[in-house]
Amino acid sequence: MGIQGTPNMGMVIFAAIIISLALVFYTIGVFAERRSGTLRPKHLAFFWTGFVFDTAGTTIMSMVAGETGGAGSPLHAITGVLALSLMLFHAVWATVVVLRGNERSRANFHRLSIGVWLFWLVPYGVGVMLGAPMFPFSDSTALTITASFVLVLGIFFLSLIHISEPTRLGMI
């Protein structure tokens, strides 16, 4: 721990790296699944790894906040818990879908994956904005900016899905 009331920057940096690795693994899993056109066991490994890294990074950040007496952002905490819960649900459901072997479910699973990934970006982006000294934003401003970015990204990906689904399914 650093000076009383100040965060241990080594731990903060370590947690930020771990959470960023969660982003990398989860993103690879989501888009590899989308690209392959069906949910495969290797995608589960990326989903579960992303979840484990996010949980570990969030736990470390919470410990640092507890050591410094800082409660952190309640908004970030709420969206973070929701995102972790969605990631867990997503990984568990993906595992069930793979084990059941229903090809139609496996082929359509990417829709859930992209939705969970987009939601997960909100607390990730809010955390980046609130944690970076160059961004002196309030909770609501950070949430508004991040949610707007994720909304635009979501519209972009939904338009790609809308355009590519008929092609992928051989309709065009």
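Sequence order sets the numbering: in each chain, residues are counted from 1 along the sequence as written. Thresholds applied to this predicted model are a pLDDT of at least 70 for local features of residues and 80 or more for the giving and counting of side-chain atom pairs; totals over whole chains, interfaces and linings are not thresholded and use all residues. The basis for the side-chain values is all heavy atoms of the structure; hydrogens and waters are excluded.

Sorry, what's going on with the environment of L99 here?
Its location among the elements puts L99 in helix α3 (residues 74–100). When accessible area is computed with a 1.4 Å probe and restricted to protein chains, residues below 20% of their type maximum are described as buried, those above 50% as exposed, and intermediate ones as partly exposed. Exposure remark for L99: the relative accessible area of 72% places this residue in the exposed category. Expressed as a C-alpha distance, the spacing of L99 and R40, which sit 59 residues apart in the sequence, is 9.9 Å. Working definition: helices are DSSP H or I runs of at least four residues, strands are E runs of at least two. Numbering for both runs from the N terminus.

Whenever I open this one, the packing of aromatic side chains confuses me. Can you help?
Aromatic ring pairs are described here by two measures, namely the spacing of the ring centres and the angle between the planes. Each pair of aromatic rings taken from Phe, Tyr and Trp, with Trp reduced to its six-membered ring, is defined by centres within 6.5 Å and is described as stacked if the planes are under 30 degrees apart, edge-to-face if over 60, and tilted in the remaining cases. Taken as a whole, this structure holds six aromatic pairs when the rule is applied. Ring centres 5.4 Å apart and planes at 5 degrees place the aromatic pair F25 and F53 in the stacked group. Note that F25 is positioned in helix α1 (residues 9–36) and F53 in helix α2 (residues 41–68), a separation of 28 residues in sequence. Owing to a relative accessible area of 24%, F25 belongs among the partly exposed residues under this scheme.

Looking at this structure, I do not really get the nonpolar core. What am I missing?
One broad rule of soluble globular proteins: the nonpolar side chains tend to lie buried together. Among the nonpolar cores identified, the biggest contains 29 residues, and Y26, L39, F47, W117, L118, W120 and L121 are the most heavily contacted of them. Those elements that provide at least two residues to this core are α1, α2, α3, α5 (110–131) and α6 (139–168). In terms of residues, this core owes the most to one element, α5, which gives nine residues. Note on contacts: a residue pair qualifies if any of its non-hydrogen atoms lie within 4.5 Å across the two residues. Sequence-distant contacts of Y26, defined by excluding residues within four places in its chain, comprise F46, F47, G50, M87, H90, V116 and W117. We define a nonpolar core as any set of buried Ala, Val, Leu, Ile, Met, Phe, Trp, Tyr and Cys residues linked to one another through side-chain atoms lying within 4.5 Å.

So what exactly am I meant to see when it comes to a nonpolar patch on the surface here?
Residues form patches when they are more than 30% accessible in relative terms and have no salt bridge. Like charges link within 9 Å. Nonpolar side chains (Val, Leu, Ile, Met, Phe, Trp, Tyr) link within 5 Å. Note on areas: Shrake-Rupley, 1.4 Å probe, and residue coverage restricted to the protein chains presented here. Salt bridge, as used here, is a side-chain nitrogen of Lys or Arg placed within 4 Å of a carboxyl oxygen of Asp or Glu. On the surface, M9, I13, I17 and L21 cluster together into a nonpolar patch covering about 350 Å² of accessible area. Overall, the relative accessible area of 46% leaves I17 in the partly exposed class.

Treat this as a map of the structure, not an account of what it does.
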